[in-house]
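Descriptive analysis of the structure
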Amino acid sequence: MVQHCSLSKFLKAKNKAESSTRAQPVGTVKNAGFSSGRTRSEPCSPSVQHRNKRWISHCSIRPIAISHPLISQARLQTREEYNRSRQPPLSHKQYMLRFQEYIRLPLAKRKFCRDCQQLLLQEEWTDHSGHHVMGDISVSHLKRPSQLLHPLENKKTNAQYLFAERSCKFLLDTITDLGFTRVACVGTPRLHEWIRHQSSENERLGVKSLLLDIDFRYSQFYGEEEFCHYNMFNHHFFGGEAAQSMCQKFLEEDDGEGVIMVTDPPFGGLVEPLAFSFHRLQEMHRGSSVTDKCKQLPIFWIFPYFFESRIVQCFPEFTMLDYQVDYDNHSLYKHGKTGRRQSPVRIFTDLPPESIALPEKEGYRFCSLCKRFVSSENKHCDVCGVCPSKDGREWKHCDMCKKCVKPSWTHCVSCNRCALPAHSCSGTKNGCFTCGEDGHKRRNCPHHCVAGQGKKTKVQVKKAFQRSAQRPVHITAERKKRRKNRTKKKPLT
Ligand SMILES: C[S@@+](CC[C@H](N)C(=O)[O-])C[C@H]1O[C@@H](n2cnc3c(N)ncnc32)[C@H](O)[C@@H]1O
Ligand SMILES: [Zn+2]
Ligand SMILES: [Zn+2]
Ligand SMILES: [Zn+2]
Ligand SMILES: [Zn+2]
Ligand SMILES: [Zn+2]
């Protein structure tokens, strides 16, 4: 393992990194939170389905608008009004006052409404009669809100896939091995609570965590120094300047040393707007210090491996680790052992890969030629000079294609490339025209820009962000159907 001093040397050296583009001022965003257009005392449906729908609609992540010359003032105003109407009924401060009142209640009086996803004070019980109400909410429940709250379930926008303990443990062990003492958890509520839990059990660990997430339910459990209601698709702090400066203070503490950001965005999200926000968080971390411009906030960005080229376009210094991130509530994204599917979710980082030891007891090994830890099946190819596998299986070298390919592919003479034996030689019927892979079309191809355009400029990234911010709200039934088919379980090909 590379020592901590070499890590900081590395960080210094690489921080000649591009200074990212200044964001357009964020105008309006679609809000998330408890508000459903009804007041807290109005009854709400007890059905689980209804509950999920309600949360999904409030936590949908499509970034709406930034100030833009093509968006009329009137339209911006309408959106602002709409967003105001979606604000949660209480402020973060008010939720905290409620929480203090709540923890003073005896255990028998601590109730939680599962339909409304809300901690209940005694005077609210009658409003929730007929709802699914849990009693005896203990301190350990309150310390593990991600286990109490129902994961949001909208597959397209805001599915809350929560880390399995194995992944939380791996992430925290790695973070502490690398010498970090503060973690900005962007969209990683379970990691945040794991860090807080472990740090309270073991004082010597001493790792602090700040959660930034759009899921406003967490403000019932965490104070303003532990949680910011944040939209990572347009770098918007719902709590305004106060919340933003809380985050800045956290990032700048200890002169910006010892802090890392870990993010696990919803996979349906576009890479560019996310990268845009992460660059802005890095700017916040650099703060106003003129002397130490080279200091950069390191990132663990957790995302599926097939987004590698897109992420690398936005963060050229990032590499992908072989570690397979595992989730509790996603049957597809499980660590592969004994016939289970392998998880396609990986960690992208600007830290040197050789500094991140992957657990040997899970089959990872160090490749001294690639100078990084790789999965057990990922065999080094002497021709390509790398351990080539992306999906964790052993890939094979094709002399005709001059690269390593998936084990299930064979070389097709008419297409002059490797593909699945059952592929259609016209090349375009089912798969992607650019890379030939099934499961997506050319416009969504993660290799598309690499093949066609090369690295994206900051202006292109910014434009993509703006375009995504202006997309219409509606999705046609046809598009919905296509997406549904795409997300159906598919075996590895
Ligand atoms: C795939 S889950 C990751 C959870 C993580 N694996 C964990 O266990 O801690 C995505 C997370 O991002 C949050 N999220 C979704 N859209 C967001 C947005 N626009 N801004 C900030 N957070 C968002 C969700 O609430 C959720 O917590
Ligand atoms: Zn209720
Ligand atoms: Zn290798
Ligand atoms: Zn090869
Ligand atoms: Zn081939
Ligand atoms: Zn062919």
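The rules we used
- Residues numbered from 1 in each chain as written.
- Chains lettered and ligands numbered in written order.
- Predicted model: local features only at pLDDT ≥ 70, side-chain atom pairs only at ≥ 80, totals over all residues.
- UniProt positions renumbered as here; feature names shortened; annotations may be inferred.
- Helix = DSSP H or I, 4+ residues; strand = E, 2+ residues; numbered from the N terminus.
- Buried ≥ 20, exposed ≤ 12 C-beta atoms within 10 Å, placed from the backbone.
- Contact = placed C-beta atoms within 7 Å.
- Pairing = 2+ DSSP bridges.
- Core = buried A, V, L, I, M, F, W, Y, C linked by C-beta atoms within 7 Å.
- Expected span 1.5 Å × (residues − 1).
- Axes fitted to C-alpha atoms, helices over the stretch in contact; angles between N-to-C directions.
- Left-handed = near helix turned anticlockwise from the far one by under 90°.
- Nonpolar A, V, L, I, M, F, W, Y, C, P; charged D, E, K, R; others polar.
- pLDDT = per-residue confidence, 0-100.
- Right-handed = clockwise from strand over helix to strand, strands pointing away.

Per an unreviewed UniProt entry, the protein chain carries the name Zinc finger CCHC-type containing 4 and comes from Leptobrachium leishanense. What UniProt records for the protein chain under Subcellular location (unreviewed entry) is the sentence "Cytoplasm".

For the rest of this paragraph, the subject is the overall build of the protein chain. When you go through the protein chain residue by residue, the secondary structure sums to 14 helices and 19 strands. The burial tally for the protein chain puts 36% of its 493 residues in the buried class. Across the protein chain, contacts joining residues at least 24 apart in sequence account for 62% of those joining residues at least 6 apart.

The residues that UniProt annotates with the feature "domain: CTCHY-type" (unreviewed entry) are residues 362–426. Counted over residues 362–426, helix gives 0% and strand 28%. Its end C-alpha atoms are 41 Å apart.

Before going further, it helps to spend a moment on the sheet that holds strand E8 (residues 227–231). Spatially, E9-E8-E7-E6-E10-E11-E13-E12 is the arrangement adopted by the 8 strands of the open sheet, whose pairing is mixed. With one partner strand each, in any of the chains shown, strand E9 (236–237) and strand E12 (319–320) form the two edges of the open sheet. With 5 bridges joining them, strand E6 (residues 182–186) and strand E10 (residues 259–263) adopt parallel strand pairing. By the bridge assignment for E10, Ala-184 is matched with Met-261.

Another aspect to go through is the nonpolar core. Ranked by size, the top nonpolar core spans 68 residues in total, and within it Ala-184, Cys-185 and Leu-212 carry the most contacts. Examining the composition of this core, we find that 6 residues originate from one element, helix H10 (residues 271–286), more than from any other. In this view, Leu-212 contacts Ala-184, Cys-185, Val-186, Cys-228, Tyr-230, Met-232 and Cys-247; residues no more than four positions away in its chain are not counted. Residues Tyr-102, Cys-116, Leu-119 and Leu-120 belong to the second largest nonpolar core, which totals 6 residues.

Here we come to helix H7 (residues 165–177). Think of an α-helix as 3.6 residues a turn; residues three or four steps apart then line up on the same face. When the terminal C-alpha atoms of H7 are compared, their 18 Å separation across 13 residues agrees well with the 18 Å that a helix rising 1.5 Å per residue should span. Considered for burial, the residues of H7 that qualify are Ser-167, Cys-168, Phe-170, Leu-171, Leu-172, Thr-174 and Ile-175. Where H7 is buried, its residues touch E6, helix H8 (189–201) and E10. Gly-179 sits one or two residues past H7 and shows a positive phi near 90°.

Hydrogen bonding along the main chain pairs the strands of a sheet, whether they run parallel or antiparallel. Reading across from one edge, E4-E3-E5 is the order of the 3 strands in this open sheet, with antiparallel pairing throughout. Edge positions in the open sheet fall to strand E4 (118–120) and strand E5 (133–134), since each of these has one partner strand only. Relative to E4, strand E3 (residues 111–113) runs antiparallel, the two sharing 3 bridges. Across the sheet, the residue bridging to Phe-112 is Leu-119, located in E4.

At their nearest, the axes of H7 and H8 sit 10 Å apart, and the two run at 65° to each other. Crossing angle aside, the handedness with which H7 passes H8 is right-handed. Counted together, Cys-168, Leu-171 and Leu-172 of H7 and Arg-190, Leu-191, Trp-194, Ile-195 and Gln-198 of H8 form the full contact between these two elements. Each residue belonging to the contact of H7 with H8 can be placed in one class, and the counts come to 6 nonpolar, 1 polar and 1 charged.

Once that is clear, we can look at the confidence of the model for the protein chain. With 65% of its residues at a pLDDT of 70 or more, the protein chain has an overall mean of 77. This model gives residues 1–69 a pLDDT under 50, and the stretch forms 142 contacts once residues within four places in sequence are excluded. Low confidence marks residues 464–475, where pLDDT is under 50. Its contacts with residues over four positions away, or in another chain, come to 17 contacts. Both confidence scores are given for the complex: pTM 0.75, ipTM 0.98.

With 5 of 5 residues buried, E6 is to be regarded as a mostly interior element. Of the two faces of E6, both are covered, the one formed by Arg-182, Ala-184 and Val-186 as well as the one formed by Val-183 and Cys-185. Of the pairings in the sheet, the one linking E6 to strand E7 (residues 208–213) comprises 5 bridges and is parallel in character. If you follow Cys-185 over to E7, its bridge partner there is Leu-211. Between E6 and its parallel partner E7, the chain crosses via H8, and the hand of that crossover is right-handed.

Below, the discussion takes up the environment of His-132. Relative to the assigned elements, His-132 resides in the loop between E4 and E5. His-132 sits 277 residues away from Trp-409 along the chain, and the two C-alpha atoms are 51 Å apart.

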